[in-house]
Amino acid sequence: MSAARTLTEKLFEGKLGRVPERGEIVVVPIDLVYAHDGTFTLALDVMKETPLLSRVFDPKRVALFIDHAAPAPTVAAALVHRAMRRFAKEHGVRLFDVGTGISHQVVADEGLVKPGMFVVGADSHTVTGGAFTAFATGVGSTDAAIAMATGKLWMRVPEQVRLKLSGEAPGYIMGKDIVLTIIGMVRSDGMIYKAVEFQGEGLKTISMDSRMTISNMAVEMGAKVGLFPSDAVAREWYRVNHGTEVPLLEPDAGAEYDEELELELPRLEPVVAAPPNVDNVKPVREVEGLEVDQVFIGSCTNGRYEDYVAAARILKGRRVKDGVRCIAVPASRKVYERLLRNGIIDILVEAGCFVAFGTCGPCIGAHLGLLGEGEVAVSTTNRNFTGRMGHKESKVYLASPATAAAAAVTGRITDPRELLPADARLMVVDPSYSFKP
Ligand SMILES: CC(C)[C@H](C(=O)O)[C@@H](O)C(=O)O
Ligand code: SF4
């Protein structure tokens, strides 16, 4: 075997002091473990029932989030939130309360995830942290409780896949189009328990916001983690957002992978995932014209600055079509504040959108916009399973924020290229970029 190492191997080596074999079961120290109001109750039960797990190993490495049913839409949710606040106080753990934001966004906003870390969260979209070169993965509530109490967790070292992104993406392409296209290629079970490493010269043009979208949906192809290197784009993001230098972590040339795939970015076009499966991916033009009732722009997949800038490019000076609800929910207060400072919230509101922030609400059909029988939504979220956003006879088309905004304006599924300026570049790599409406 060559001495060249994959990125996944480097991350394990950083913790274990040696490169483990694929398939080996290892116990790794965990740098950050988190849970939210949808999963913490079960973790708390485990901690209460198991004396050895009754204390938190290190409060600084544990975080709790109130984001799923937030603000509480039911009394039952309010009671869960109350229990979480009590636990956080008793154990000295950080609790990010109502309105701070969706966990996977807040860990980025707060700089809690850094290259080289091992992060586990009681939520499948913890994989979002792969954008920050962290081995970040979702676990069940019992595993989360064990990690909270012991600071360690066992893992099977995954098979490793190189996914080369070659060439440069056209300006109208966003991370969502890239990841949906990949899922359409490999299908929803194509990467089960594998570590997918995104590589290639195309990374230079993929912003951190879009990388988070791509890593976020790694789990929708079954992956254990979706990793980006901490290249120049990532390191500049840490400088601008957190004033910190982070190490360069990237795979060695010549590292051996179990599988190699390539996606040519210049060939991409806007796509949707049609219901009822995330891998039912088609070019937007194939479903163009279908009438929509609701558009949702938000979630941990696409609730970031770049996403609303893309939407604003389409919504500015236009109105949401009569009869369509356009719901915009920036993923965190920090994202919301940046949008507010840049006049983007004004554009959304003037176009007729309903705007809230920092909640999972509509994404998981919890509150703030469920779908009725027979209704159709275009949504920037990551799952379109039957009944995900409301009635079991409703339909969800997953798309980029640009495609979603185009549907809001026309009331039909529409190729965003028809409404975008010809020179629009929707992925914005410069972290200091501010949109001038
Ligand atoms: C509630 C939670 C367990 C779930 C997840 O793990 O992904 C949710 O966030 C989702 O998106 O379906
Ligand atoms: S925004 Fe949606 S996908 Fe993300 S954590 Fe919340 S419910 Fe899950």
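Just so you know, the residues in each chain are numbered from 1, in the order the chain's sequence is written. Both sets of labels track the order of writing: A upward for chains, 1 upward for ligands. Given that the model is predicted, a residue must reach a pLDDT of at least 70 before its local features are reported, and side-chain atom pairs must reach 80 or more before they are shown or counted; all residues, however, enter totals for whole chains, interfaces and linings. Excluding hydrogens and water, the side-chain figures rest on all heavy atoms present in the structure.

Draft legend 1. Representation of the site of ligand 2 within the structure. One heavy atom within 4 Å of a molecule or strand makes the whole residue count as near it. If you check the shell around ligand 2, you find His68, Ile102, His104, Asp123, His125, Ser299, Cys300, Cys360, Cys363, Ile364, Asn382 and Arg388 and nothing else. Residues were grouped as follows: Ala, Val, Leu, Ile, Met, Phe, Trp, Tyr, Cys and Pro as nonpolar; Asp, Glu, Lys and Arg as charged; and all remaining residues, including Gly, as polar. Its residues placed into classes, the shell around ligand 2 shows 5 nonpolar, 5 polar and 2 charged.

Draft legend 2. Broad picture of the sheet that holds strand S11 (residues 259-264). Strands qualify as paired when DSSP identifies two bridges or more between them. Helical segments are the DSSP runs of H or I of at least four residues, strand segments are the runs of E of at least two, and each set is numbered from the N terminus. Strands sit in the order S10-S9-S8-S11 across an open sheet of 4 strands; the sheet is parallel. Each of the sheet's edge strands pairs with one partner strand only, and the pair in question is strand S10 (225-227) and S11. When strand polarity is set aside, the average angle formed by the axes of neighbouring strands in this sheet is 20°. Taken together, the 3 bridges between strand S9 (residues 194-199) and S10 define a ladder with parallel strand orientation. Each residue of the ladder has a partner; that of glutamate 197, found in S10, is leucine 227. Each axis is a line fitted through C-alpha atoms, and for a helix only the stretch in contact is used; angles between axes span 0 to 180 degrees, taken between their N-to-C directions.

Draft legend 3. Layout of the site of ligand 1. Neighbouring ligand 1 are the residues His36, Thr39, His68, Asp123, Ser124, His125, Ile364, Arg383 and Arg388. Contacts described as polar in this section are N or O atom pairs within 3.5 Å, which, within protein, must combine one atom able to donate a hydrogen with one able to accept it, while residues neighboring in sequence count only if both atoms come from side chains. Contact between ligand 1 and serine 124: an oxygen atom at 2.6 Å from a side-chain N or O atom of the residue. Per-residue and other accessible areas were derived by the Shrake-Rupley procedure at a 1.4 Å probe size, with only the shown protein chains allowed to occlude residues. When ligand 1 is considered free in solution it has 320 Å² of accessible area, and contact with the protein chains removes 76% of it.

Draft legend 4. Representation of the UniProt feature "binding site: [4Fe-4S] cluster" (unreviewed entry) in the protein chain in the model. Within this numbering scheme, the UniProt entry marks Cys300, Cys360 and Cys363 as carrying the feature "binding site: [4Fe-4S] cluster" (unreviewed entry). These annotated residues cover 64 residues of sequence, and their C-alpha atoms lie no more than 9.1 Å from one another, placing them together at a single site. Turning to its location among the elements, cysteine 300 is positioned in helix H10 (residues 299-302). Three labels apply to residues, based on accessible area from a 1.4 Å probe with only protein chains included: buried if under 20% of the type maximum, exposed if over 50%, partly exposed otherwise in between. Judged by relative accessible area, which is 8%, cysteine 300 ranks as buried. Contacts are assigned to residue pairs that have any heavy atoms within 4.5 Å of one another. Cysteine 300 has contacts with Ile102, His104, His125, Asn216 and Asn382, leaving out every residue within four places of it along the chain. On the secondary structure map, cysteine 363 appears in the loop between strand S16 (354-355) and strand S17 (376-379). The exposure class of cysteine 363 is buried, given its relative accessible area of 7%. UniProt positions are given in the numbering used here, feature names are shortened, and annotations may be inferred rather than shown by experiment.

Draft legend 5. Structural context of the packing of aromatic side chains. Two rings from Phe, Tyr or Trp (for Trp, the six-membered ring) form a pair when their centres are within 6.5 Å of each other. A pair whose planes differ by under 30 degrees is stacked, one over 60 is edge-to-face, and the rest are tilted. Under the definition given, this model contains 11 aromatic pairs. Relative to phenylalanine 87, the ring of phenylalanine 40 has its centre 4.9 Å away and its plane inclined at 65°; by these criteria the two rings are edge-to-face. With phenylalanine 40 in helix H2 (residues 40-49) and phenylalanine 87 in helix H3 (residues 75-91), the pair connects residues that are 47 residues apart, well separated along the chain. An identical accessibility class is assigned to phenylalanine 40 and phenylalanine 87; each is buried. Ring centres 5.1 Å apart and planes at 85° place the aromatic pair tryptophan 237 and tyrosine 238 in the edge-to-face group. Ring-pair connections join several aromatic residues into one group, and the members of that group are Phe12, Phe118 and Phe135. The positively charged end of arginine 156 is found above the aromatic ring belonging to tyrosine 193, 4.2 Å away from the centroid. Seen from the ring of tyrosine 305, arginine 338 lies directly overhead, with NZ or CZ sitting 3.6 Å from the centre. Only when the NZ atom of a Lys or the CZ atom of an Arg is both within 6 Å of the ring centre and within 35 degrees of the ring normal do we say a charge sits over the ring.

Draft legend 6. The side chain of histidine 125, seen in detail. Tracing the chain through its elements places histidine 125 in the loop between strand S5 (118-121) and strand S6 (135-138). Taking relative accessible area as the criterion, histidine 125 reaches 4% and is therefore assigned buried. One polar contact links histidine 125 to glutamate 220, side chain to side chain, over a distance of 2.6 Å. Here asparagine 382 takes part through its side chain, which lies 3.1 Å from a polar atom of the side chain of histidine 125. Beyond its immediate stretch of four places on either side in the chain, histidine 125 contacts His104, Asn216, Val219, Glu220, Cys300, Asn382 and Arg383.

Draft legend 7. Focus on helix H11 (residues 305-315). In terms of burial, H11 is largely enclosed, as 10 of its 11 residues are buried. Of the residues making up H11, those classed as buried are Tyr305, Glu306, Asp307, Tyr308, Val309, Ala310, Ala311, Ala312, Ile314 and Leu315. Just past H11, the residue glycine 317 takes up positive phi, approximately 75°.

Draft legend 8. Structural detail: the environment of isoleucine 364. Positionally, isoleucine 364 belongs in the loop between S16 and S17. Isoleucine 364 sits in the partly exposed class, given a relative accessible area of 36%. Isoleucine 364 sits 26 residues away from glycine 390 along the chain, and the two C-alpha atoms are 8.3 Å apart. Setting aside anything within four residues of it in sequence, one finds isoleucine 364 in contact with His68 and Arg388.

Draft legend 9. Examining the sheet that holds strand S4 (residues 94-96) more closely. With parallel pairing, the 5 strands of this open sheet are ordered in space as S4-S3-S2-S5-S6. Edge positions in the sheet fall to S4 and S6, since each has one partner strand and no second. When strand polarity is set aside, the average angle formed by the axes of neighbouring strands in this sheet is 20°. Sheet strands touched by H3: strand S2 (32-36), strand S3 (62-65) and S4. Its angle to S3, the strand with the most contacts, is close to 160°.

Draft legend 10. Representation of helix H6 (residues 175-186) within the structure. The terminal C-alpha atoms of H6 lie 17 Å apart, and with 12 residues this matches the ideal 16 Å at 1.5 Å per residue to within 8%. Buried residues dominate H6, accounting for 10 of its 12 residues. Of all the residues in H6, the buried ones are Gly175, Lys176, Asp177, Ile178, Val179, Leu180, Thr181, Ile182, Ile183 and Val186. Downstream of H6 by a residue or two, arginine 187 has a phi angle that is positive, lying close to 70°. One less than the number of residues in a helix, times 1.5 Å, gives the span that helix is expected to have.

Draft legend 11. Spotlight on the pairing of S3. Neither face of S3 is left uncovered, since the one carrying Val62 and Leu64 and the one carrying Ala63 and Phe65 both have all their residues buried. Relative to S3, S2 runs parallel, the two being bridged by 4 bridges. Counterpart to tyrosine 34 in the pairing with S3 is alanine 63. When the strands point away from the viewer and the connection leading from the first strand across the helix to the second strand turns clockwise, the crossover is called right-handed. Handedness of the β-α-β unit built from S2, H2 and S3 comes out right-handed. The parallel pair S3 and S4 is bridged by H3, and the resulting crossover is right-handed.

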